[in-house]
Amino acid sequence: MPAPRLLVLFGSQTGTAQDVAERLGREAQRRRLGCRVQALDSYAVANLIREPLVIFVCATTGQGDPPDNMKNFWRFIFRKNLPSTSLCQMDFAVVGLGDSAYAKFNFVAKKLHRRLLQLGGSALLPMCLGDDQHELGPDATIDPWLGDLWEKVLRLYPVPLDLPVIPPGVPLPSKFTLQFIQEAPNPGSKESCLASPESLGPPSESQPFLAPMVTNQRVTGPSHFQDVRLIEFDITDSGISFAPGDVVLIQPSNSAAHIQQFCQVLGLDPKQYFMLQPQELDVPCPPELPQPCSVWHLVSQYLDIASVPRRSFFELLACLSPHKLEREKLLELSSAQGQEDLCEYCSRPRRTILEVLCDFPHTAGAIPPDYLLDLIPQIRPRAFSIASSLLVHPGRLQILVAVVQYQTRLREPRRGLCSSWLASLDPEKGPVQVPLWVRPGGLAFPETPDTPVIMVGPGTGVAPFRAAVQERVAQGQTGNFLFFGCRWRDQDFYWAAEWQELEKRGCLTLVTAFSREQTLLPCRQGQKVYVQHRLRERGPLVWELLEHRGAYFYLAGNAKYMPADVTEALMSIFQEEGGLSHPSAATFLARLQRTLRFQTETWA
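Not measured: the values here are computed from a predicted model.

Within the open sheet, the 5 strands sit side by side as β20-β19-β18-β21-β22. Their pairing is parallel. In this open sheet, the two edge strands, each paired with only one partner strand, are β20 (509–514) and β22 (598–603). Across the sheet, the mean angle separating the axes of adjacent strands is 10° when strand polarity is ignored. As defined by bridge partners, strand β18 (residues 453–456) adjoins strand β21 (residues 552–558) across 4 bridges and the pair is classed as parallel. Pairing of I454 across the sheet is with F553, part of β21. Running at roughly 155° to β18, helix α14 (residues 463–474) makes contact with β18, β19 (480–486) and β21 of the sheet.

Here it is, written out as structure tokens:
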């Protein structure tokens, strides 16, 4: 009996789950197993009933949420009318990617595994739960699990003996070939895949809108440790509309200096054009790349040379290296035994792909261009909460951007690709355009005019609440309660004058926590005051709004500690002001979450 084609489906937010899924695909290929690798939302989920062998690789995002590219699948697989025998012919396994620092560690993988069993699927193995907190990262769990997986799969579906395993040091065929062309295309033709007025539907990832940047203003004080920008775009005639809680996705570019350095190290001519050809029939060309495409466009718009390379990068680079010493080092860094060295060399100091290529110059100079798309991941769009209302700023879209910059043991500071790129753009020096599109966010506000809303947004987490407050005030809705926290009132109190004016008009109740100022007060004895402390202080008001006035509660900001601290404060309020026992308080909170009266939008 011929071995069935293995299907690997992934849900990935940052690229880690996709990288693991592609590793599964490569290992299957080396074992001569047919294999397809797809994002969950690009797969026709109705065909799942006919799949004999499926591996699911799923990340967990936010507070136990599925990644964006598996949300449609998630809704489908949890339909209540699906028969319990739907997947009775399927053998499956689930790999989860998560972070045990969060309460809902690998929640998506665990829930999916249970659901596949409910629908009649047979689990090949127990779940594999990768953990970012492990000193060696998710691979510490994934490596031994994969050994068990292949043993099980090959026992069930043996490969013919005359097909030997392709050894690790031999490179697999590239997904694409780059066919360089002698003549550049017509100078009048533009290298873009952008939305035009004739495009069908609103702008999207495959057809973003080139939005003119109107202003780019620093809104933190000159002595503040962080550069935070309020950026405004003109979206007139773009077809873009949005509501409070929605997010804008921005496609960043690599810097000109990095592009030139990359081309120099690899011996590429940035002005050269090529046609991209898939090696297999069922592999489409990336829609983001025009045909023909220049090397400059490929490197500036597509290849994420500023990202920290994963282990798979070193595996392929070792295969392609003609230099004995460099190859030995690359093999060591890509081996299971070398993961501590890889962590020390790359992950901890956040060394980038470009910096690694500069450290291995003989290998970098010998990389065949055909392998560039296999070797280097695609630049991912970055999501920002929209910080303005179309009712107040028609034809405009505003965002609040914290510019990411920090120091590791490496000489050069580490910089966030998108935030640094946005900060570098100056519309006062000439026209600036940024590719963007909009999608629904994780926050939905009540439509009934008399429903109060409690919003907790420390730092840049306040951005979606500015959009909500603007919209609600423009519609005549009162009952807006905002808890805002930052370090200093004169350094990072975003939109202070706007909030204070709304307070005077009776449109907003503002509660602030300035954490560094409180430590200077004798009564605080050096303790910092955060938004969760202010919530407890206003416990009677919070309980009155939630229990008796049907208020909605919203939380936005950093996902590390703040959501757990705020949840703990709410639990205390329910017990102290509502007289609930701890189990009853937990039930009350769960009911708020289930009825969407408690919503969160958090990020790492």
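It is characteristic of soluble globular proteins that their nonpolar side chains tend to be buried jointly. Counting residues in each nonpolar core, the largest one holds 40 residues, and the members touching the most others are F262, L298 and L372. Ranked by residues supplied to this core, first place goes to helix α7 (residues 311–320) with 6 residues. Each residue touching L372, except ones within four places of it in the same chain, is listed here: F262, L266, L268, L298, L303 and I367. Grouped together as the second largest cluster of nonpolar side chains are 30 residues, V228, V473, C507 and A556 included.

The subject of this paragraph is the pairing of strand β2 (residues 35–39). Sheet topology places strand β1 (residues 6–11) next to β2; 5 bridges connect them, and they run parallel. Residue pairing for β2: L9 is matched across the bridge by Q38. Since β1 and β2 lie parallel, the crossover through helix α1 (residues 16–30) that links them has a hand, and here it is right-handed.

Let us now look at the packing of α1 against helix α4 (residues 139–156). Where α1 meets α4, the axes come as close as 12 Å, and the angle between the chain directions of the two elements is 35°. Every pair of crossing elements has a handedness; the one defined by α1 and α4 is right-handed. Contacts between α1 and α4 involve V20, R23, L24, E27 and A28 on the former and, on the latter, D139, I142, D143, L146, L149 and W150. Of the residues belonging to the contact of α1 with α4, the class tally is 7 nonpolar, no polar and 4 charged.

Here the focus is the UniProt feature "domain: FAD-binding FR-type" (unreviewed entry) in the protein chain. Per the UniProt record, "domain: FAD-binding FR-type" (unreviewed entry) is annotated on residues 206–447. The distance from the first to the last C-alpha atom of residues 206–447 is 32 Å, and the span holds 29% helix and 21% strand.

Once that is clear, we can look at the sheet that holds strand β8 (residues 209–218). With antiparallel pairing, the 6 strands of this open sheet are ordered in space as β13-β10-β17-β8-β9-β14. What marks the edges here is a single partner per strand, and that holds for β13 (382–385) and β14 (396–402). For this sheet, the mean inter-axis angle between neighbouring strands, taken without regard to orientation, is 40°. Pairing of strand β9 (residues 228–234) with β14, which is carried by 7 bridges, proceeds in the antiparallel orientation.

Our next topic: the UniProt feature "binding site: FMN" (unreviewed entry) in the protein chain. Residues annotated in UniProt with the feature "binding site: FMN" (unreviewed entry) correspond here to S12, Q13, T14, G15, T16, A17, A59, T60, T61, G62 and D132. One can find T14 in the loop between β1 and α1. Leaving out residues up to four positions away in the same chain, T14 has contacts with R310 and R380. One polar contact links T14 to T16, side chain to side chain, over a distance of 3.5 Å. The topology assignment puts A17 in helix α1. Apart from the residues within four sequence positions on either side, A17 is in contact with F10, G11, S12, V57, A59 and L97.

So, on to the packing of aromatic side chains. Under the definition given, this model contains 15 aromatic pairs. Here F493 and F514 contribute two aromatic rings whose centre-to-centre distance is 5.3 Å and whose plane-to-plane angle is 65°, an arrangement assigned as edge-to-face. Separated by 21 residues along the polypeptide, F493 in the loop between β19 and α15 (496–504) and F514 in strand β20 bring together distant segments of the chain. One aromatic cluster is present, formed by F484, F493, Y494 and F514 through successive ring pairs. The side chain of K111 reaches across the aromatic face of F78, ending 5.0 Å from its centre.

Our focus in this paragraph is the environment of Q89. Structurally, the position occupied by Q89 is in the loop between α2 (71–77) and β4 (91–98). Under the relative-accessibility criterion, Q89 is labelled partly exposed at 32%. Sequence spacing of Q89 and G120 is 31 residues, and the spatial spacing of their C-alpha atoms is 7.8 Å. Discounting residues that sit within four places of it in the chain, Q89 has contacts with L48, I49, R50, E51 and P52. Among the polar contacts made by the side chain of Q89, one reaches the main-chain carbonyl oxygen of L48 at a distance of 3.4 Å. For Q89, the side chain forms a polar contact with the main-chain oxygen of I49, separated by 2.6 Å.

Rules and cut-offs
Residues numbered from 1 in each chain as written. Predicted model: local features only at pLDDT ≥ 70, side-chain atom pairs only at ≥ 80, totals over all residues. Heavy atoms only, no water. Pairing = 2+ DSSP bridges. Helix = DSSP H or I, 4+ residues; strand = E, 2+ residues; numbered from the N terminus. Axes fitted to C-alpha atoms, helices over the stretch in contact; angles between N-to-C directions. Contact = heavy atoms within 4.5 Å. Core = buried A, V, L, I, M, F, W, Y, C linked by side-chain atoms within 4.5 Å. Buried < 20%, exposed > 50% of the residue type's maximum accessible area, 1.4 Å probe, protein only. Right-handed = clockwise from strand over helix to strand, strands pointing away. Left-handed = near helix turned anticlockwise from the far one by under 90°. Nonpolar A, V, L, I, M, F, W, Y, C, P; charged D, E, K, R; others polar. UniProt positions renumbered as here; feature names shortened; annotations may be inferred. Polar contact = N/O pair within 3.5 Å; in protein donor to acceptor, adjacent residues only side chain to side chain. Phe/Tyr/Trp six-rings, centres within 6.5 Å; stacked < 30°, edge-to-face > 60°. Lys NZ or Arg CZ within 6 Å of the ring centre and 35° of its normal.

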